[in-house]
Amino acid sequence: MEEIIEDPPTSAVLLDHCHFAQVIFNSVEKFYVPGGDITCYYTLTKHFIPRRKDWIGIFRVGWKTTREYYTFMWVTLPTDLNSESAKQQEVQFKAYYLPKDDEYYQFCYVDQDGVVRGASVPFQFRPESEDDILVVTTQGEVEEIDQRNKELCKENQELKDSCVSLQKQNSDMQAELQKMQGLQEELETLKSINKKLEQKVKEQEDCWELELLQLKEQNQKMSSENEKMGIRIDQLQAQLLIQEKEMEKLIQGDQDKTKQLEHLKKENDQLFLSLTDQKKHQKKLEQTVKEMKQKETATTRKQQELTARSEAEPAEPAAANGDGAPGACSQHCHRDQNFDLSKRLSENEFIFKTLQREKEKIEGENDLLKRENSRLLSYMGLDVDSLPYQAPASAQGGARQNPGLVYGNPYCGIQESSSPNLASITKCPTCSVHFTDDMNKEDHTLEQHVQALCLDCPICDKSFPIDQRQIFEDHVLCHSL
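Source: prediction; values computed, not measured.

So, on to the pattern of salt bridges. All chains considered together, the criterion is met by 6 salt bridges. Linking D111 and R51 is a salt bridge whose minimum nitrogen-to-oxygen distance equals 3.8 Å. Residue D111 is located in the loop between strand 7 (104-110) and strand 8 (116-119), and its partner R51 is located in the loop between strand 3 (38-44) and strand 4 (55-60); the two are separated by 60 residues in the primary sequence. Note on D111: relative accessible area 2%, which makes it buried. Put simply, R51, D111, D113 and R117 are held in one network by salt bridges that share partners.

Written as structure tokens, this is what we have:
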């Protein structure tokens, strides 16, 4: 016994709206014997195309919707719809599923959309009757029956004409239905495409929203960076203004240094000229010292001669005879002359030492000027050999003799303001004490210092250095003879 697993597709379409002429049921009996299988024969019209979910159901006469079926069977799709054999179809209902009452039923063809495409004439499920019934009618009833048959024939002809018209309308509607089905399939295709497009659009919108958020974040970052860059630009502009001011100061300082360098060059020229004069003066002093050394040598030689001569003369006592006074006087004169020569020699030695110290002092000043000049050039970032300096025309000779001092004293202006002038410094010829003009103006002058270090004769105006005490004592002893 076959079991029905799936319910057929139905609809709530009323009987008046169905198209019964698309499927025609053939060889339908007036009644079927209960307890046996029945076969339903039907024909498909040329305008109807069966589908997989079409079915044939048994309905009680008087049904309103396709949901009121009693039982049903799925139709079998033909392999070739164009052949005549494909138009004639059949389906078999099992006896187990058939109705058991004697009500009137009919076959109905329902497509997969739940629309009725054909219906059979009514039939019953009852056993056959064995007795024939003889019906006797009158002439009037026969004439009435004939009249009724004529009317029925006429009505049947009208119904046939109406059926033809309905079949034509059905064919037109079927064509329109096929068009609608095609349009519906296109609509479903467009819906699927639209759904895919909507999904893609949604994905694209999500992607765009994500990109928009990223762009907003980047915009915020760029805004913050722009603010930072604006602050940085302001700072750099302020630094640029400061650097421009510093550059102006440096340019002004460079110009001042250039002027100072020119001034120093001029002072260097003056110092060079002064040094040349000092060299000339030093040469004169050396010449003077040389002459004084020669005189000292001659004086020493003369003193030795006088000493030898005085020792050779015999000493005679003054008390023995009166001729002793001229000898004593001569001897006294020789001693005075000898003392004068010694004094002159001491003075010459003192002057020589003084000139020697002056020479050493000048040489020390020259070295100091060289060192200060080198320090100034290194401070100015210049090289001695790279400077295009030309010695003055008046000092070319001195430059050839002493090329060491070229640029003079670069700190002469500083020395004038911070230390006494070298020309105003005087050194004591006996000790190492230095005196300036300011000190000479006070009570402790150089003359007083030298006088304190000299031995003055109490009888005459002669003075002797403190280291010549023996000569000073001999001089004083000469006054007592």
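Having put the structure on the table, let's press on.
To continue, consider helix 8 (residues 469-480). Over its 12 residues, helix 8 runs 17 Å from end to end, which matches the ideal 16 Å to within 8%, given 1.5 Å per residue. Taken together, the buried positions of helix 8 are F472, H475 and C478. Seen from one end, helix 8 has its buried residues packed into an arc of 115°, which puts them on one side. Across from the buried face of helix 8, at angles greater than 90 degrees, the exposed residues are Q470 and S480.

Time to look at unusual backbone geometry. For S27, which is not a glycine, the phi torsion comes out positive at approximately 55°. Mapped onto the elements of the fold, S27 is located in the loop between strand 1 (23-26) and strand 2 (31-32). Given the relative accessible area of 59%, S27 is considered exposed.

Our next topic: the side chain of Q174. Here Q174 is to be found in helix 2 (residues 139-312). Sequence-distant contacts of Q174, defined by excluding residues within four places in its chain, comprise Q22, H47, F48 and R117.

It is worth spelling out the environment of V28 at this point. Along the polypeptide, V28 turns up in the loop between strand 1 and strand 2. Along the primary structure V28 and T39 are separated by 11 residues, whereas in three dimensions their C-alpha atoms are 9.1 Å apart. In contact with V28, not counting residues within four places along its chain, are F107, S120, V121 and F123.

What follows concerns the side chain of K462. Tracing the sequence through the fold places K462 in the loop between strand 12 (454-456) and strand 13 (463-465). The residues contacting K462, other than those within four sequence positions of it, are F339, D340, K343, L455, D456, C457 and H475.

Bringing the nonpolar core into the picture now. What tends to happen in soluble globular proteins is that the nonpolar side chains get buried as a cluster. Membership of the largest hydrophobic core comes to 20 residues, with the highest contact counts inside it found for I38, Y42, I56, I58, F93, F107 and Y109. Residue assignment for this core shows that the elements contributing at least two residues are strand 1, strand 3, strand 4, strand 6 (88-93), strand 7 and strand 9 (123-125). If you look at the next biggest cluster of nonpolar residues, it comprises 7 residues, including W55, F59, W63 and C108.

Criteria and thresholds
Residues numbered from 1 in each chain as written. Predicted model: local features only at pLDDT ≥ 70, side-chain atom pairs only at ≥ 80, totals over all residues. Heavy atoms only, no water. Salt bridge = Lys/Arg side-chain N within 4 Å of Asp/Glu carboxyl O. Helix = DSSP H or I, 4+ residues; strand = E, 2+ residues; numbered from the N terminus. Buried < 20%, exposed > 50% of the residue type's maximum accessible area, 1.4 Å probe, protein only. Expected span 1.5 Å × (residues − 1). Arc of directions from axis to C-beta. Contact = heavy atoms within 4.5 Å. Core = buried A, V, L, I, M, F, W, Y, C linked by side-chain atoms within 4.5 Å.

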